[in-house]
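Architecture and fold: a report
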Amino acid sequence: MSFRFRTLATAAAVALLAAGAAQAQQTVKIAILQELSGAGASAGTNAKNGAEMAIKEINAAGGILGRKIEFTTNDTQSNPGVAKGLASKVVDDGVFAVIGPTFSGSILVSMAETKRAEIPNFTGGEAASITQQGNPYIFRTSFTQASAMPKVARYIANNLKAKTVAVIFVNNDFGKGGRDAFSKAAEASGMKVVADISTDSGQVDFSAPVLKAKQSNADVIFVYTNEEESARALRELRKQGVTKPIVGETTLTGQKVIELAGDAANGAVAHVGLTVDAPKPLMLKFKAKFFQEYKYISDHNGIKGYTAPYMLKAAIEKVGKFDRVAVAKALHGMSISAAKEPGVLMDLSIDANGDLDRESFIVEVKDGKQVVKEVLPALAKK
């Protein structure tokens, strides 16, 4: 081989390597970790679908700072141990950010892996403890129980004029955190919890818990369980002829609950941070696009998943480069306007802990649909 030919061959090889490196730099890797099977399949599947739809939209619009998003989707099986293992794997794969898991018990263990690698991690989990551990890389796409429960407690006390409440909750990280936050908020609003009723995750028979709540003669029954259990609780409450107001948080009136509970869901009231029926043009547009893509109506988890890539996009564009540590720092204290970044759907702000603040809603199920009764302002605007 002549010297000139060897030189040309070497130059060609270098050019190919450079092209390969450039191609690698044209994408940003995101991992989606969600509950696609097990007890959290409904929540996780909605969140996964929302996130994937947002990523496709961002890529179609040119990506983030010129880079397309490359993503993988992983099933945690609603198992915290599996979630932790998957988080470790995607960290080793060099992802820039992680979306999920949604179940509080799973994110509480898996986020240790993303924190170790300084990777921004978005979650729809609501347990207050998630953002109370000083992890600078965890960010919510939902309300924390600490901010949501005072809103619903004030509504029960002021609008329903309740003095006593019976609480039915699921005995896991999510349920216990919510029960504790609600009980504290109820007391602050002048109400007394007269029945504190624990149920199991995946519980099928709600006859005993409902009977206890009924016998307490509380003014209001507050239900805080996962979606499938919420539907079973509503059916049993109607079966036992309970006429007292039934109130809850987001999981009580979700789309999946309405489908599973049928007529038993009618009349249930909840405070929700997100609903596709919110009187917001961007939200209604999301509802239509999601239905067109997946042939069913998204619940609040779909919205949580959808907004995460757009929150990440806004932070990266603010920083102006793909620096995970800088992006995480930028997210703390950041306000994102829906006018400038329509993908977040509603104006929001993120505090120093990674918790977000925005408007929320009191809804009632009527004729199988969520109907917004009241729009509650962001806490910062009160």
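Before any of the text, the structure's been laid out above.
Conventions adopted
For every chain, the first residue of the written sequence is number 1, and numbering continues from 1 onward in sequence order. Only residues with pLDDT of at least 70 get local features here, since the model is predicted, and only at 80 or more are side-chain atom pairs given and counted; chain-wide, interface and lining totals rely on the full set of residues. As a rule here, side-chain values come from all non-hydrogen atoms in the structure, and water together with hydrogens is ignored. One bridge is not enough; two strands pair if DSSP finds at least two bridges between them. We count a stretch as a helix when DSSP gives it H or I for four or more residues in a row; a strand needs E for two or more, and each element gets its number in order from the N terminus. Under this scheme, a helix contributes an axis fitted over its contacting stretch, all axes are lines through C-alpha atoms, and angles between N-to-C directions fall in the 0 to 180 degree range. By definition, residues are in contact when any of their heavy atoms lie within 4.5 Å. Oblique is the label for every angle not falling under 35 degrees (roughly parallel), over 145 degrees (roughly antiparallel), or within 65 to 115 degrees (roughly perpendicular). Two helices that cross are described as forming a left-handed crossing if the nearer one is turned anticlockwise from the farther one by less than a right angle, and a right-handed crossing if clockwise. Any residue that is not Ala, Val, Leu, Ile, Met, Phe, Trp, Tyr, Cys, Pro, Asp, Glu, Lys or Arg is counted as polar, Gly included; the first ten are nonpolar and the last four charged. In a helix, the anticipated span is given by 1.5 Å times the number of residues less one. To sort residues, take the accessible area from a 1.4 Å probe on protein chains only and compare it with the maximum for the residue type: under 20% means buried, over 50% means exposed, and anything in between is partly exposed. Throughout this description, a polar contact denotes any pair of N or O atoms lying within 3.5 Å of each other; where both atoms belong to protein, one of them has to be capable of donating a hydrogen while the other can accept it, and for residues adjacent in sequence the pair is counted only when both atoms sit in side chains. Centre distance within 6.5 Å is the pairing criterion for rings of Phe, Tyr and Trp, where only the six-membered ring of Trp is used; planes under 30 degrees apart are then read as stacked, over 60 as edge-to-face, and the remainder as tilted. Crossover handedness is defined by viewing with both strands directed away from the observer: a clockwise path from the first strand over the helix to the second marks the crossover as right-handed. Here the nonpolar core consists of buried residues drawn from Ala, Val, Leu, Ile, Met, Phe, Trp, Tyr and Cys, with membership extended through side-chain atoms lying within 4.5 Å.

The next point concerns the sheet that holds strand β3 (residues 97–99). Spatially, five strands are ordered β2-β1-β3-β4-β5 in an open sheet, and the strand pairing comes out parallel. For this open sheet the edge positions go to β2 (68–75) and β5 (138–140), each flanked by a neighbour on one side alone. Recorded for the sheet is a direction-independent mean angle of 25° between the axes of neighbouring strands. For β3 and strand β4 (residues 121–123), the ladder comprises two bridges, and the chain directions are parallel. By the bridge assignment, I99 is partnered in β4 with F122. Packed on one face of the sheet, helix α4 (residues 104–116) meets β3, β4 and β5 and runs near 165° to β4.

On to the packing of helix α5 (residues 145–159) against helix α6 (residues 173–188). The contact between α5 and α6 brings their axes to 8 Å, and the two run at 50°. In this view, α5 runs oblique relative to α6, as classed from their interaxial angle. As for the relative orientation of α5 and α6, their crossing is right-handed in sense. For the pair formed by α5 and α6, the contact residues are Q145, M149, P150, V152, A153 and I156 on the first element and F174, G177, G178, A181, F182, A185 and A186 on the second. Among the residues forming the contact of α5 with α6, the class breakdown is 10 nonpolar, three polar and no charged.

Let us look at helix α11 (residues 300–319). Under the 1.5 Å per step criterion, the end-to-end length of α11 is 29 Å for 20 residues, consistent within 8% with the ideal 28 Å. Burial runs high along α11: 17 of the 20 residues are buried. At the N-terminal boundary of α11, the capping side chain belongs to D299, with an oxygen 2.9 Å from the backbone nitrogen of N301. Two residues or fewer after α11 comes G320, characterised by a positive phi angle close to 85°.

For the rest of this paragraph, the subject is the packing of aromatic side chains. The relation between two aromatic rings is expressed through the spacing of the ring centres and the mutual angle of the planes. One pass over the full model with this rule turns up 11 aromatic pairs. Ring geometry for F290 against Y296: centres 5.2 Å apart, planes inclined by 85°, an arrangement best described as edge-to-face. Put simply, the rings of F286, F290, Y294, Y296, Y306 and Y310 touch in pairs and so form one group of aromatic residues.

Position of S142 among the secondary structure elements: in the loop between β5 and α5. Overall, the relative accessible area of 2% leaves S142 in the buried class. As for S142 and H300, which are separated by 158 residues in sequence, their C-alpha atoms are 8.9 Å apart. Beyond its immediate stretch of four places on either side in the chain, S142 contacts T123, G124, G125, E126, K304, L356 and R358. For S142, the side chain forms a polar contact with the main-chain oxygen of G124, separated by 3.1 Å.

Counted residue by residue, strand β8 (residues 220–224) has five buried out of five residues, so it is predominantly covered. Here five bridges tie strand β6 (residues 164–170) to β8, and the two strands are oriented parallel to one another. Directly across from V165, in β8, lies its bridge partner V220. As judged from the three bridges shared by β8 and strand β9 (residues 246–248), these two strands associate in the parallel manner. Each residue of the ladder has a partner; that of V223, found in β9, is G248. Handedness of the crossover is the feature at issue here: the chain leaves β8, passes through helix α8 (residues 227–239), returns alongside β9, and the resulting connection is right-handed.

Quick look at the nonpolar core now. Of all hydrophobic cores here, the largest spans 74 residues; its most connected members are L234 and F286. At nine residues, the largest contribution of residues to this core is made by α11. Contact partners of F286, with chain neighbours within four places excluded, come to M53, V276, S298, G302, I303, Y306 and L345. Ranked by size, the runner-up nonpolar core spans 24 residues in total, among them A162, V170, A185 and L376.

Glancing now at unusual backbone geometry. With omega at 0°, the peptide bond leading from G100 into P101 counts as cis. Inspection of the secondary structure assignment puts P101 in the loop between β3 and α4. The backbone of Q77 shows a phi angle near 60°, a positive value even though the residue is not glycine. Inspection of the secondary structure assignment puts Q77 in the loop between β2 and α3 (80–92). Take Q77: its relative accessible area is 47%, and that puts it in the partly exposed class. For N217, which is not glycine, the phi dihedral falls at a positive 60°. Note that N217 resides in the loop between α7 (207–215) and β8.

Read these as layout, nothing more, since geometry by itself doesn't imply function.
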